[in-house]
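Residue-level structure breakdown
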Amino acid sequence: MSVSMRDLDPAFQGVGQKAGIELWRIENFKPVPVPQSSYGKFYTGDSYVILKTNALKSGVLRHDIHYWLGNDTSQDEAGAAAIKTIELDAALGGRAVQYREVQGHETERFLSYFKPCIIPQSGGVASGLNHAKPVEHKTRMFVCLGKYVVHVKEVPFARSSLNHDDIFILDTAHKIFQFNGSNSSIQERAKALEVLQYIRDTYHDGKCDIATIEDGRLMSDAESGEFWGFFGGFAPLPRKTQTNGVLSTNTLPTKLYCVVKGQAELVDAEPLTRGLLDTNTCYILDCGVEIYVWLGRSTSLNERKAASGATEEYVRSQDRQKSHIICVIENFETVAFRSKFDSWPQSTAVTVSEDGRGKVAALLKRQGVNVKGLLKAAPTKEEPKPYIDCSGNLQVWRVNGQQKILLPVSDQSKFYTGDCYIYQYTYSGEDQEECLIGTWFGKQSIEEDRISATSQANKIVESQKFLAAQLRVYEGREPMLFFAIFQSFMVLKGGLSDGYKKCILESELPNGTGIGEEVALFRVQGSGPENMQAIQLEPPEMQSRLQKEGSESVEFWKMLGGKSEYPSQKTTTATESDPHLFSCTFSKGELKVTEIYNFNQDDLMTEDIYILDCHSSIFVWVGQQVDPKTRTQALVIAEKFLERDFLLEKLPLQTPLYIIMEASEPQFFTRFFTWDSTKSAMHGNSFQRKLSILKNGGRPTSNNKPKRRTPVSNGGRSGAVEQPQRSRSVTFSPERVRVRGRSPAFVALASTFENPTVRHLSTPPPLETKIYPKSNGSDSSKPASRSTAIASLTATFEQPPRAKFIPRSIKVTSEPPTKTETISNGDLKSSRIETPTIQKDAKDVETEDEEGLTLYPYERLTVSSTDPAPDINIFKRETYLSSAEFRAKFGMAKNAFYKLPKWKQNKLKMVLHLF
């Protein structure tokens, strides 16, 4: 496409240089920039041009252009907006996707830019109005439609506007009501609450009362009576009338038109293929709700403007002006457009894109325009991160039929290509102990073992009440997180399972398992320490000798079957691309997905299942309110997603699959969001949660959920208890001081309560800072009090502690050094810390500890004491106990706690301190 400077509007020079939104309003047929403070405020009498710039991880800037037409805008202004959109695309290098948006029928992509909604106001530049806010508040009513984004439309303030299917918001001077139709979904109600909050913040400065009205509650509720009072009292609601909208165009057949001299001519071809589109021509593809305009790369700017005008004339002649018009450029077609054709070859979009942008950049640079944003941005150079604590506890089982065999530590990182494995990795998360249950399938493993591994892994997750994340990995498709966990990974030939031996006999595969061979050849590969691995290959019969690439001996190549070209593998892990989020509906084996644009944490509804497609990995997020039967189908849903290939990525079916449960989201999932863990830990459905946040001033309330601890048994519902296994004490970062298998809470308590002069070798040295600062009465906001340490210690009662910790104020006498037991293969099995002997204090009366706190007997610290201790913080009474009283009280609480039923122990830990 040839471009000259006079063809481009000066308002578009230098735009699209960074990620974000830029917006222009059409005034006198010219684009005028809109102040950023007015973004999202649209007027019914105007037309707008909107540019959305996204910075991809590859460094490329991707652009989407929209032009929005208000209901009262003139036809000339609408035509000007369409033409200016073509010019803006040319200024950006001719590769942007362009969307036509009509008021009330906007695309979900467009609405996602202005969350939670847009509410167009009457007026416009053409009418001469000043867009001034009215002095007196006008009572208005809106209908809210949509489960993922909300279409808001103002309706007449009358009872006849209400129905049982939709959600309505009544905005009065002193109160805002949300009326939930009885047939509306919970997700729709939750999204409508976001609109209610927007109205309160925008038109009431956030100081207006709110109320939610449930359809059918009638007059028994005070707020319902107040709501119906605005309509003169309650009366039965009419049924929703069916309208012949644009949705009826779904049944129309797909047709292709060629634009010739500004006119659309039908192309008679069946089926539709990519070969029908000529690079020197523009085409119109009528798909019903969407009407696409395809612009060949070799067409001129004037030809593209003519194609845009022909499309506008086409929708007017069809009386379908509310249809979505989407304009795509050759080699930059959307997934939805390509899916309309039976065959579509791979394109070279990046090369063509940079060439076109370079020409436009050179043109503008000669005019003195800053063209930094038109050139390809440098990709962000970030060190690969596993987003997981790499010093946790690892257990690995080899699957043999319906059994699983626990591997010793020395064999945890040695997998055989003919076997399947289950691994459990527990580690410290941001605010709780996290657990990952994974399966690894060798390339030569049999289907029977794969099914068994999946089933047994599911039982482990079920035994942990679905709190653990899951990961399914195939050999050769391991993600970086997998290598971070195993640290040194080796894949050996063959397999040890009986099933694989049977497979070898039937297929007459050579070499068996490779056991006992004197020579073994390994390919060591990886892009860095975080993903290094060794893969066993067929060994040549020769002595080990170093061979440098390019200087190999003849004998070396002869043993490998002759010298030939070989691939250069720079990395062993798939590239992670910009993620896409989909909401899933799975019924009767059929999977339907809806993409959610510009997503955030609030888009994850607890009643639904979502798929996060990162290209290199697939995450399945399962809400707590999902039906239990559907929840167990999470892995099947992920497999169906890969089979359907909704994004036309051609991802292999062996792509790593993660299953993430709500309220147990690990960091390697939450990193794709701006995450607030208190939101996912709330109780109730989506509507109840958002209503609670709205009434709480926009802050989620905690449900006092107990922190998850490292599980002891991993054998499923009926499996036997297996001894947890300590893995190697290897740290991932030089800044870490904690060894594998010890949580931060364990280390902190150990450094606090152990004798500072006696430290075990497996425990890092205690910190120099004081753990127990003085209490100053009622000031409970200061951290690191003694009561906090005791409460943290009490929280570990779910498992018996490995060692008995003694407060510093208690006198101790050291016992002989730590005794250890070793198993036959030399691995460390257990470490037993001898219990220090407690010396009884000489005083049980008022005294001071080493930090100056006055200590009292227990009787003076009770609420019903006849002689209560003065000037103490009643919420931290245990801080003021003397040593003897502390021991007595701690022992009584601990013994009484263990005598309680398990459910009472969990409940007690959630709601109160044990002291």
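Not measured: the values here are computed from a predicted model.

Attention now goes to the overall build of the chain. A tally of helices and strands in the chain yields 20 helices and 35 strands. Counting the 915 residues in the chain, one finds 48% classified as buried. Considering only intrachain contacts with a sequence separation of at least 6, the fraction spanning at least 24 residues in the chain is 65%. When the accessible surface of the chain is split by element, carbon and sulfur atoms take 51% of a total near 46,300 Å².

Here we come to the packing of aromatic side chains. Evaluated as defined, the whole model comprises 52 aromatic pairs. Between Phe337 and Trp344 the ring centres are 5.9 Å apart and the planes differ by 85°, which places this aromatic pair in the edge-to-face class. Side by side, Phe337 and Trp344 carry an identical accessibility label, which is buried. The structure contains a cluster of three or more aromatic residues connected by ring pairs, namely Phe157, Phe168, Phe177, Phe179, Phe227, Trp228, Phe230, Phe231 and Phe234. The side chain of Arg631 reaches across the aromatic face of Phe466, ending 5.6 Å from its centre.

For the rest of this paragraph, the subject is the sheet that holds strand 16 (residues 393-400). In spatial order, the strands read 17-16-19-20-21-29-28-27-25-26; together these ten strands make up an open sheet with mixed pairing. The two strands at the open ends of the sheet, each matched to only one other strand, are strand 17 (403-406) and strand 26 (590-596). Going across the sheet, the axis of each strand differs from the next one's by a mean of 25°, ignoring polarity. In this sheet, strand 26 lies alongside strand 25 (residues 580-587) in antiparallel orientation, the contact comprising seven bridges. Opposite Cys584, over in strand 26, you have Val593 as the bridge partner. Lying over the sheet, helix 8 (residues 447-463) contacts strand 16, strand 17, strand 19 (420-428), strand 20 (433-441) and strand 21 (469-474), oriented at roughly 170° with respect to strand 20. Most of the contacts of helix 13 (residues 634-644) go to strand 29 (residues 657-661), to which it runs at about 135°, and overall it touches strand 21, strand 25, strand 26, strand 27 (609-613), strand 28 (618-622) and strand 29.

If you walk across this open sheet you meet the ten strands as 2-1-3-4-5-15-14-13-11-12, and the pairing is mixed. Every interior strand has two partners, whereas the edge strands, strand 2 (30-33) and strand 12 (263-266), have only one. Strand-to-strand, the axes of this sheet are offset by a mean angle of 25°, without reference to chain direction. Taken together, the four bridges between strand 1 (residues 20-27) and strand 2 define a ladder with antiparallel strand orientation. Bridge pairing links Glu27 to Lys30 in strand 2. Its contacts with the sheet place helix 1 (residues 75-91) against strand 1, strand 2, strand 3 (47-55), strand 4 (61-69), strand 5 (97-102) and strand 15 (324-329), and it is angled at close to 175° to strand 4. Packing against the sheet, helix 5 (residues 301-317) makes contact with strand 4, strand 5, strand 11 (255-260), strand 13 (282-286), strand 14 (290-295) and strand 15, and its axis sits at approximately 160° to strand 14.

What follows concerns the pattern of salt bridges. Applying the stated criterion across every chain, the model contains 22 salt bridges. The partner of Lys84 in a salt bridge is Asp9, and the shortest N-O contact between them spans 3.0 Å. Residue Lys84 is located in helix 1, and its partner Asp9 is located in the segment before strand 1; the two are separated by 75 residues in the primary sequence. A relative accessible area of 9% places Lys84 in the buried class. Its relative accessible area of 8% is what places Asp9 among the buried residues. Between Glu27 and Arg25 there is a salt bridge, with the nearest N and O atoms lying 2.8 Å from each other. It is possible to trace a salt-bridge network through shared partners that takes in Lys115, Lys191, Glu194, Asp603 and Lys690.

Interhelical geometry of helix 1 versus helix 5 gives an angle of 145° and a closest axis separation of 10 Å. Our pair here, helix 1 against helix 5, has a crossing hand that is right-handed. Note on element contacts: helix 5 touches helix 1 through Leu301, Arg304, Lys305, Ser308, Glu312 and Arg316, opposite Gln75, Ala82, Ile83, Ile86, Glu87, Asp89 and Ala90. In terms of residue class, the contact of helix 1 with helix 5 is built from five nonpolar, two polar and six charged.

Attention shifts here to the side chain of Arg274. Looking at the secondary structure, you find Arg274 in the loop between strand 12 and strand 13. Taking relative accessible area as the criterion, Arg274 reaches 16% and is therefore assigned buried. Residue contacts for Arg274: discarding those within four places in its chain leaves Trp294, Glu330, Phe341, Ser343, Trp344 and Pro345.

Quick look at helix 8 now. A rise of 1.5 Å per residue sets the reference length of helix 8, with its 17 residues, at 24 Å; its end C-alpha atoms lie 24 Å apart and thus fit the reference within 8%. The complete set of buried residues in helix 8 reads Asp449, Arg450, Ser452, Ala453, Thr454, Gln456, Ala457, Ile460 and Val461. Considering only its buried residues, helix 8 is in contact with strand 16, strand 17, strand 19, strand 20, strand 21 and helix 13. Backbone geometry just downstream of helix 8 places Lys465 in the positive-phi region, at approximately 60°.

Burial within strand 5 is extensive, with six of its six residues counted as buried. Relative to strand 5, strand 4 runs parallel, the two sharing six bridges. Within strand 5, the position partnered with Ile65 by the bridge is Gln98. Since strand 4 and strand 5 lie parallel, the crossover through helix 1 that links them has a hand, and here it is right-handed. With three bridges connecting them, strand 5 and strand 15 associate as antiparallel partners. Looking at the pairing, Gln98 lines up with Cys327 of strand 15.

Looking now at the environment of Gly20. With respect to the helices, strands and loops of the structure, Gly20 is situated in strand 1. Note on Gly20: relative accessible area 27%, which makes it partly exposed. Sequence-wise, Gly20 and Ala55 are 35 residues apart; in three dimensions their C-alpha atoms are separated by 8.9 Å. When neighbours within four sequence positions are excluded, Gly20 is seen to be in contact with Leu51, Lys52 and Thr53.

Basis of the calculations
Residues numbered from 1 in each chain as written. Predicted model: local features only at pLDDT ≥ 70, side-chain atom pairs only at ≥ 80, totals over all residues. Heavy atoms only, no water. Helix = DSSP H or I, 4+ residues; strand = E, 2+ residues; numbered from the N terminus. Buried < 20%, exposed > 50% of the residue type's maximum accessible area, 1.4 Å probe, protein only. Contact = heavy atoms within 4.5 Å. Areas by Shrake-Rupley, 256 points an atom, 1.4 Å probe, with all protein chains shown as cover. Phe/Tyr/Trp six-rings, centres within 6.5 Å; stacked < 30°, edge-to-face > 60°. Lys NZ or Arg CZ within 6 Å of the ring centre and 35° of its normal. Pairing = 2+ DSSP bridges. Axes fitted to C-alpha atoms, helices over the stretch in contact; angles between N-to-C directions. Salt bridge = Lys/Arg side-chain N within 4 Å of Asp/Glu carboxyl O. Left-handed = near helix turned anticlockwise from the far one by under 90°. Nonpolar A, V, L, I, M, F, W, Y, C, P; charged D, E, K, R; others polar. Expected span 1.5 Å × (residues − 1). Right-handed = clockwise from strand over helix to strand, strands pointing away.

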